[in-house]
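Chain residues, written in single-letter form:
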Amino acid sequence: MSSARLLPGAPVAEQVLSEVAASVAELRAAGVTPALATVLVGDDDASAGYIRIKSRQAAELGFVSPHVHLAASASQADLHAVLADFNADKTVHGVLVQYPIPGHLDYDRALAELDPDKDVDGMHPVNMGRLALGLPGPLPCTPAGIEALLAFHGVPVAGREVVILGRGATLGRPLAMLLAQKRPTANAAVTVVHTGVADWPRYTRRAEILVAAAGVPGIVRPEHVRPGAVVVGGGVRYEGRRLLPDVDESCAEVAGAITPRVGGVGPTTVAMLFRNAVDAARRQSGLG
Ligand SMILES: NC(=O)c1ccc[n+]([C@@H]2O[C@H](COP(=O)([O-])OP(=O)(O)OC[C@H]3O[C@@H](n4cnc5c(N)ncnc54)[C@H](OP(=O)(O)O)[C@@H]3O)[C@@H](O)[C@H]2O)c1
């Protein structure tokens, strides 16, 4: 029997997106049309679907959304040329390169070509540096979404022990930096565990807030969770369209609060992308 309170992402995303829409309207009233450009390389069905959904949502929020679709055979230089054009275009405030890209291309190299101020994923090395230094800039979407999720659901973070399982560049590492910052919705005692810590359950069992960020289906089991703790499932693996979360469902029997198997961290990640885009437009137009 599950006793844990559920922490869904949808109402968090809804609130963030309504703030984004208001901010877009304010920019438009001031004569600025926020533009979020999208780049798709190749013909992967899932990637094309994600870009379609994001473009539709961008339009609903009031963004214009120029789109470039490169053939699967595009070279690294072709991709860099598209990014250079968007970098130079003052009417474009944010650029999203849909991941994954075909295997012969290097995503990280392409990302490094992008103007960091237009990086709506918040993953550019300059933005990671800004995060480390506490400087303003686009934040990595999944970590920012998790902070927003905890704040929305009234989970206190400040002064509490957060343990993150995983130190990956997308999730664990930036989340650790974010939640250790001196702000009311962060300010936590953060511990990061990984494959180098053989007895990682020793740490997760004492966590008041446990974030799974490993990408290993079912790795977090009830015996790894402190009774009453808050459990956030960030890590997932996809097998085809099937989503396999890090957090085993039975953790709900021990946790005090837990993100749902589907519809937890995911919706907040997408919302943060649009927040980054509108914030980029504000900063670039001097209205930030
Ligand atoms: N929900 C969302 O919207 C969303 C968005 C982005 C990412 N994600 C998910 O977040 C997860 C993390 O992504 P990432 O790119 O940050 O990470 P990553 O680079 O895949 O790294 C995974 C981390 O987990 C650790 N780990 C893996 N197996 C382990 C084990 N058996 N015991 C202990 N630690 C283990 C690894 O340790 P080592 O460093 O020692 O190898 C590594 O630090 C992925 O599942 C990804 O799909 C979800």
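These lines cover the structure that appears in this document, whether it is placed above or below. Not measured: the values here are computed from a predicted model.

So, how was this worked out
Residues numbered from 1 in each chain as written. Predicted model: local features only at pLDDT ≥ 70, side-chain atom pairs only at ≥ 80, totals over all residues. Heavy atoms only, no water. Helix = DSSP H or I, 4+ residues; strand = E, 2+ residues; numbered from the N terminus. Buried < 20%, exposed > 50% of the residue type's maximum accessible area, 1.4 Å probe, protein only. Axes fitted to C-alpha atoms, helices over the stretch in contact; angles between N-to-C directions. Parallel < 35°, antiparallel > 145°, perpendicular 65-115°, else oblique. Left-handed = near helix turned anticlockwise from the far one by under 90°. Contact = heavy atoms within 4.5 Å. Nonpolar A, V, L, I, M, F, W, Y, C, P; charged D, E, K, R; others polar. 1 Å grid on protein atoms, 1.4 Å probe; cavity = no way out; pocket = protein on both sides within 12 Å on 5 of 7 lines; lining within 4 Å. Points joined across faces, edges and corners; volume = space filled by probe spheres on them. Near = heavy atom within 4 Å. Polar contact = N/O pair within 3.5 Å; in protein donor to acceptor, adjacent residues only side chain to side chain. Phe/Tyr/Trp six-rings, centres within 6.5 Å; stacked < 30°, edge-to-face > 60°. Pairing = 2+ DSSP bridges.

**Considerations on the environment of Arg-221**
Along the polypeptide, Arg-221 turns up in the loop between strand S7 (209-212) and strand S8 (230-233). The partly exposed category is assigned to Arg-221, whose relative accessible area is 34%. It is 5.8 Å that separates the C-alpha atoms of Arg-221 and Cys-251, two residues lying 30 residues apart in sequence.

**Examining the packing of helix H6 (residues 141-152) against helix H9 (residues 265-284)**
Two elements in contact, H6 and H9, have axes separated by 8 Å at closest approach and are oriented at 110 degrees. Taken together, the axis directions place H6 and H9 in an arrangement best described as roughly perpendicular. Between H6 and H9 lies a crossing of right-handed hand. Residue-level contacts link Cys-141, Thr-142, Ala-144, Gly-145, Ile-146, Ala-148 and Leu-149 of H6 to Val-265, Thr-268, Thr-269, Met-272, Leu-273 and Asn-276 of H9. Per-class residue counts for the contact of H6 with H9 are eight nonpolar, five polar and no charged.

**Considering empty space enclosed by the protein**
One pass over the full model with this rule turns up one cavity of 30 Å³ or more. In this model, the largest cavity occupies a volume close to 70 Å³. Considering the residues around the largest cavity, the lining is formed by Leu-83, Val-95, Leu-96, Val-97, Tyr-107, Ala-110, Leu-111, Leu-114, Asp-119, Val-120 and Asp-121. Looking at the lining of the largest cavity, the elements with two or more residues in it are strand S4 (94-97) and helix H4 (107-113). Along the lines of polarity and charge, the residues of the lining of the largest cavity split into nine nonpolar, no polar and two charged.

**As for the site of the ligand**
Near the ligand there are 23 residues, and of these Arg-167, Thr-170, Leu-171, Thr-195 and Val-236 occur at the shortest range. Trp-200 has a polar side-chain atom sitting 3.5 Å from a nitrogen atom of the ligand. Contact between the ligand and Gly-215: an oxygen atom at 3.4 Å from a main-chain N or O atom of the residue. The element best represented in the shell around the ligand is H9, accounting for three residues. Of the residues belonging to the shell around the ligand, the class tally is ten nonpolar, twelve polar and one charged.

**Regarding the packing of helix H1 (residues 10-29) against H6**
At a minimum axis separation of 9 Å, H1 and H6 run at an interaxial angle of 105 degrees. Between H1 and H6, the crossing angle belongs to the class labelled roughly perpendicular. Of the residues in H6, those in contact with Pro-11, Val-12 and Gln-15 of H1 are Ala-148, Leu-149 and Phe-152. Split by residue class, the contact of H1 with H6 holds five nonpolar, one polar and no charged.

**Some thoughts on the packing of aromatic side chains**
Here the structure, examined in full by the defined rule, presents two aromatic pairs. Their ring planes at 80 degrees and their centres at 4.8 Å tell us that Tyr-99 and Tyr-107 sit as a pair that is edge-to-face. We classify Tyr-107 as buried; its relative accessible area is 16%.

**Focus on the pairing of S4**
Judged by which residues are buried, S4 turns out to be covered on both faces: Gly-94 and Leu-96 on one side and Val-95 and Val-97 on the other are all buried. As judged from the four bridges shared by strand S2 (residues 36-41) and S4, these two strands associate in the parallel manner. Bridge pairing in S4 links Leu-36 to Gly-94.

**A short note on the sheet that holds S4**
Taken in spatial order, the three strands of this open sheet run S3-S2-S4, and their pairing is parallel. Each end of this open sheet is capped by a strand with a single partner; those strands are strand S3 (67-70) and S4. With strand direction ignored, the average angle separating the axes of adjacent strands in the sheet is 15 degrees. Lying over the sheet, helix H3 (residues 76-88) contacts S2, S3 and S4, oriented at roughly 175 degrees with respect to S2.

**Focus on unusual backbone geometry**
Apart from glycine, the bulk of residues carry a negative phi angle, and the bulk of peptide bonds sit in the trans form. With an omega dihedral of 0 degrees, the bond running from Tyr-99 to Pro-100 counts as a cis peptide bond. Tracing the backbone through its elements, the reader meets Pro-100 in the loop between S4 and H4. Located in the positive-phi region is Asn-187, a residue other than glycine, with phi close to 60 degrees. In this fold, Asn-187 is placed in the loop between helix H7 (172-179) and strand S6 (189-193).

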